[in-house]
Amino acid sequence: MDHKIAPSVLSADFANIQRDVEMINKSEADWFHIDIMDGVFVPNISFGFPVMSAIKEHAKKPLDVHLMIVDPDRYISEFKKAGADVLTVHYEACTHLHRTIQAIKAEGMKAGVALNPHTPVHLLKDVLPDLDLVCIMSVNPGFGGQKFIRNTFNKVKELKALILEVESDTLIEIDGGVGTDNAKLLVECGADVLVAGSSVFKSSNPLKTIIQLKKLERVVKSA
Ligand code: DX5
Ligand code: ZN
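Residues numbered from 1 in each chain as written. Chains lettered and ligands numbered in written order. Predicted model: local features only at pLDDT ≥ 70, side-chain atom pairs only at ≥ 80, totals over all residues. Heavy atoms only, no water.

Undergrad: Can you help me understand the overall build of the protein chain in this one?
TA: The secondary structure content of the protein chain amounts to eight helices and eight strands. Expressed along its principal axes, the backbone C-alpha trace of the protein chain runs to roughly 45 × 40 × 30 Å. The buried share of the protein chain, reckoned over its 223 residues, is 52%. Across the protein chain, contacts joining residues at least 24 apart in sequence account for 65% of those joining residues at least 6 apart. When the accessible surface of the protein chain is totalled, it reaches about 10,200 Å², and 51% of it is carbon and sulfur. (Helix = DSSP H or I, 4+ residues; strand = E, 2+ residues; numbered from the N terminus. Buried < 20%, exposed > 50% of the residue type's maximum accessible area, 1.4 Å probe, protein only. Contact = heavy atoms within 4.5 Å. Areas by Shrake-Rupley, 256 points an atom, 1.4 Å probe, with all protein chains shown as cover.)

Undergrad: Help me understand the site of ligand 1, please; the structure alone is not making it clear to me.
TA: Neighbouring residues of ligand 1: 20 residues in total, closest D35, G142, G145, D175 and S198. H66 is positioned with one of its side-chain polar atoms (N or O) 3.2 Å from an oxygen atom of ligand 1. Among the secondary structure elements, those contributing two or more residues to the shell around ligand 1 are β2 (32–37), β3 (63–68) and β8 (193–196). Considered class by class, the residues forming the shell around ligand 1 number eight nonpolar, ten polar and two charged. (Near = heavy atom within 4 Å. Polar contact = N/O pair within 3.5 Å; in protein donor to acceptor, adjacent residues only side chain to side chain. Nonpolar A, V, L, I, M, F, W, Y, C, P; charged D, E, K, R; others polar.)

Undergrad: Any chance you could explain the pattern of salt bridges here in plain terms?
TA: Here the idea is simple: oppositely charged side chains can pair when their charged atoms come close. Evaluation of the coordinates by the stated rule reveals eight salt bridges. R19 is paired through a salt bridge with D20; the nearest N and O atoms lie 3.1 Å apart. You can call D20 buried: its relative accessible area is 9%. Where salt bridges share partners, they join D13, R19 and D20 into one cluster. (Salt bridge = Lys/Arg side-chain N within 4 Å of Asp/Glu carboxyl O.)

Undergrad: I'm lost on the coordination of the zinc ion (ligand 2) in this one. Help?
TA: For a metal with four tetrahedral donors the ideal donor-metal-donor angle is 109.5 degrees, while six octahedral donors give ideal angles of 90 or 180 degrees. Looking at the zinc ion (ligand 2), one finds its protein donor set to be H33 (NE2), D35 (OD), H66 (ND1) and D175 (OD), positioned 2.0 to 2.3 Å from the metal centre. Around the zinc ion (ligand 2), the six donor atoms are arranged such that angles at the metal cover 70 to 171 degrees; this shape is classified as octahedral. The buried category is assigned to H33, whose relative accessible area is 0%. When its relative accessible area of 8% is taken as the criterion, D175 is described as buried. (Donors = N, O, S within 2.8 Å, 3.2 Å for Na, K, Ca; no water. Tetrahedral: all angles 85-135°; square planar, octahedral: opposite > 155°, others 65-115°.)

Keep in mind these values describe shape, not function.
Below, the structure written as structure tokens:
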């Protein structure tokens, strides 16, 4: 399967959000990655339903929504209404994860679970057949522009082996510090979806960077 690129709108220019959404529409990117932060689960607040609905109005590609919020069950149907296609909750934020996953699917969305850098992938083994996506956080969630944690490569390989073992078709997504310097190796380890925030939006040529991420051209940043 071809890997997907999901630019993270968190790094877009919010004063020109329609322009940036149109840029993703005409790019080689596959999904929009939407980060929702509540200031409790993570030490930052991003944006809520009105902004997400405005993005949905212009977006011509699926919305991949990453909830960094406590007790996400309260808002599952609201996120469906706001236009989520894939809804990802954090393992660390869900007491009854199996029930949460079923509730997301019952709303007709794809269900994902994200893991913080300290959470081992094997904890998801029993729910893997129910999951459309696992998001491995390669930074501590809360902010764009952080440094990639290298242990992620091991986690991707381990998760890929687990997915093959249980014969599920769960996608592996990587979120945080992804760019042209590490994209190729991540895909070689088993990644299916690469989230890219600052590497796309802070690039002098975002459309070209997206093509490079799609083609897995290795461009190492100079220090
Ligand atoms: C971090 C968010 C990420 C973030 C990625 O908590 O989940 O999606 O936007 O940004 P970069 O690619 O700049 O690390
Ligand atoms: Zn994210």
